[in-house]
Amino acid sequence: MTILGSIPYDAAMKEELDKAASILARSTSAAALTGAGISRESGIPTFRDNDGIWGKYRPEELATLEGFLADPGLVWRWYMERLFTARTKKPNPGHYALARLERILPRFVLITQNIDDLHRKAGSADLIELHGNIERFRCLEAAHPAEYDPGWGEEPPLCSCGSIIRPGVVWFGEQLPEKEVERAFAESAMCDVMLVIGTSGMVSPASHLPLAAKDADASVIEINTARSAITPLADVFLEGPSGEILPGLVSRTAEIMNDIQGN
Ligand code: BV8
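This write-up is about the structure you can find in this document. Please read all numbers here as calculations on a predicted model, not as lab measurements.

Right, let's talk about the packing of aromatic side chains for a bit. Per the counting criterion, the structure on display carries eight aromatic pairs. Relative to Trp-152, the ring of Trp-76 lies with its centre 5.4 Å away and its plane at 65°, an arrangement referred to as edge-to-face. Note that Trp-76 is positioned in helix 4 (residues 72–88) and Trp-152 in the loop between strand 5 (145–146) and strand 6 (165–169), a separation of 76 residues in sequence. In this structure Trp-76 comes out as buried when scored by relative accessible area, which is 0%. Aromatic pair Phe-84 and Tyr-148: ring centres 6.2 Å apart, planes at 80°, arrangement edge-to-face. Taken together, the positions of Phe-84 in helix 4 and Tyr-148 in the loop between strand 5 and strand 6 put the pair 64 residues apart, joining distant regions of the chain. Stacked on the ring of Tyr-148, the Lys or Arg Arg-87 has its end atom at 4.5 Å from the ring centre.

So, on to the sheet that holds strand 4 (residues 132–139). With antiparallel pairing, three strands are arranged side by side in an open sheet as 5-4-6. Every other strand in the sheet has two partners, leaving strand 5 and strand 6 as the edge strands with one partner each. Both strand 4 and strand 6 contribute to a ladder of four bridges, which runs antiparallel. Residue pairing for strand 6: Gly-132 is matched across the bridge by Val-169. Its contacts with the sheet place helix 4 against strand 4 and strand 6, and it is angled at close to 140° to strand 4.

Counted under the stated rule, the structure contains one cavity of 30 Å³ or more. The computed volume of the largest cavity comes to approximately 40 Å³. Considering each element in turn, the lining of the largest cavity owes the most residues, three residues, to helix 6 (residues 118–122). Tallied by class, the residues present in the lining of the largest cavity amount to two nonpolar, three polar and four charged.

Another point: the sheet that holds strand 2 (residues 108–112). Hydrogen bonds along the backbone pair up the strands of a sheet, which may run parallel or antiparallel. Taken in spatial order, the six strands make up an open sheet running 3-2-1-7-8-9, and their pairing is parallel. Every interior strand has two partners, whereas the edge strands, strand 3 (127–129) and strand 9 (236–239), have only one. Here the average twist between neighbouring strands, direction ignored, is 15°. Bridge count between strand 8 (residues 219–224) and strand 9: four bridges; the pairing is parallel.

Let's shift gears to helix 5 (residues 93–104). Relative to the 16 Å expected for 12 residues at 1.5 Å per residue, helix 5 spans 16 Å between its end C-alpha atoms, a close match to the ideal helical length. Those residues of helix 5 lying buried are Gly-94, His-95, Ala-97, Leu-98, Ala-99, Leu-101 and Glu-102. With a side-chain oxygen positioned 2.7 Å from the backbone nitrogen of Gly-94, the residue opening helix 5 is Asn-92.

Residues Leu-98, Leu-195, Leu-238 and Leu-249 are the most contacted members of the largest nonpolar core, which totals 28 residues. Within the residue set of this core, elements represented by two or more residues are helix 1 (9–25), strand 1 (30–34), helix 5, strand 2, strand 7 (193–197), strand 8, strand 9 and helix 9 (242–260).

Definitions and limits used
- Residues numbered from 1 in each chain as written.
- Predicted model: local features only at pLDDT ≥ 70, side-chain atom pairs only at ≥ 80, totals over all residues.
- Heavy atoms only, no water.
- Phe/Tyr/Trp six-rings, centres within 6.5 Å; stacked < 30°, edge-to-face > 60°.
- Helix = DSSP H or I, 4+ residues; strand = E, 2+ residues; numbered from the N terminus.
- Buried < 20%, exposed > 50% of the residue type's maximum accessible area, 1.4 Å probe, protein only.
- Lys NZ or Arg CZ within 6 Å of the ring centre and 35° of its normal.
- Pairing = 2+ DSSP bridges.
- Contact = heavy atoms within 4.5 Å.
- Axes fitted to C-alpha atoms, helices over the stretch in contact; angles between N-to-C directions.
- 1 Å grid on protein atoms, 1.4 Å probe; cavity = no way out; pocket = protein on both sides within 12 Å on 5 of 7 lines; lining within 4 Å.
- Points joined across faces, edges and corners; volume = space filled by probe spheres on them.
- Nonpolar A, V, L, I, M, F, W, Y, C, P; charged D, E, K, R; others polar.
- Expected span 1.5 Å × (residues − 1).
- Polar contact = N/O pair within 3.5 Å; in protein donor to acceptor, adjacent residues only side chain to side chain.
- Core = buried A, V, L, I, M, F, W, Y, C linked by side-chain atoms within 4.5 Å.

Set out below in structure tokens:
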């Protein structure tokens, strides 16, 4: 595996990009796992980079049920802030490239850890949201779904059943939605290539998906601005911003598919 970065970027990158595109072009079942890094170029801070949203807060404080029960207003205001931020942001070329990949490959599923709704906005249809979605809400006691109401304020509103309303996301220490997790691991075990994009690989069980793919002899192609916990698993590591790398990778994949089909 060649680590791109210090060596002459163009030459090595082109070779590695061709290798990755050739694998994708010949795939019969492809998957992608994305993390906060793919939304970085849309202006949404990641969790661990120095401008990360954890910079201001600590996950233990806020993205947990305990944190919410300890200070519902603080956690609620943090999610409202992130909701309004996400709503002002647009998908970047990386999101759109993955939506295009879904259209050109015979089979492609997108598994995301992100809750920012940008993959859906970019047109990805076969999407598994492992950690929920910032646009979704439900009540704490009975999980009654709740629609965002512009009249909501600084404190969690009440459901008609009397329970307070919480964000429809998965907090640390909470189980992931069963259907999504099962399908994510099934797709990882079935794919012949997995793209792993913009994730530090620090959060489980999402971080186990590339290993499940590898164990099933799939090729793992990582796109990240830095090495991550996944890099040792990668057959190809394309170092750089996903918003810049993905469009070129998908275009090259389409070219190779055309060549193979003799067009
Ligand atoms: C679970 C929704 C069973 C909420 C999120 C000890 C005690 C208790 C639990 C645990 C424990 N040890 C481990 C655990 C399990 C825990 C966990 O993994 N904790 C971590 C902190 C160690 N996991 C859980 O609790 C999960 N549930 O396991 O249930 C259980 C139950 C009880 C006890 C044990 C087990 C639930 C996890 C889901 C948490 N919810 N999000 C919200 O968002 O508010 S996770 C949240 O953090 C995000 O969704 C995301 O998934 C994660 C951040 O990870 P990344 O996406 O990778 O982002 P990060 O900033 O880390 O990295 C960004 C990357 O992008 C970097 O690599 C960077 O280089 C790169 N990058 C930057 N710019 C670019 C780029 N790449 C490309 N292009 C660029 N331009």
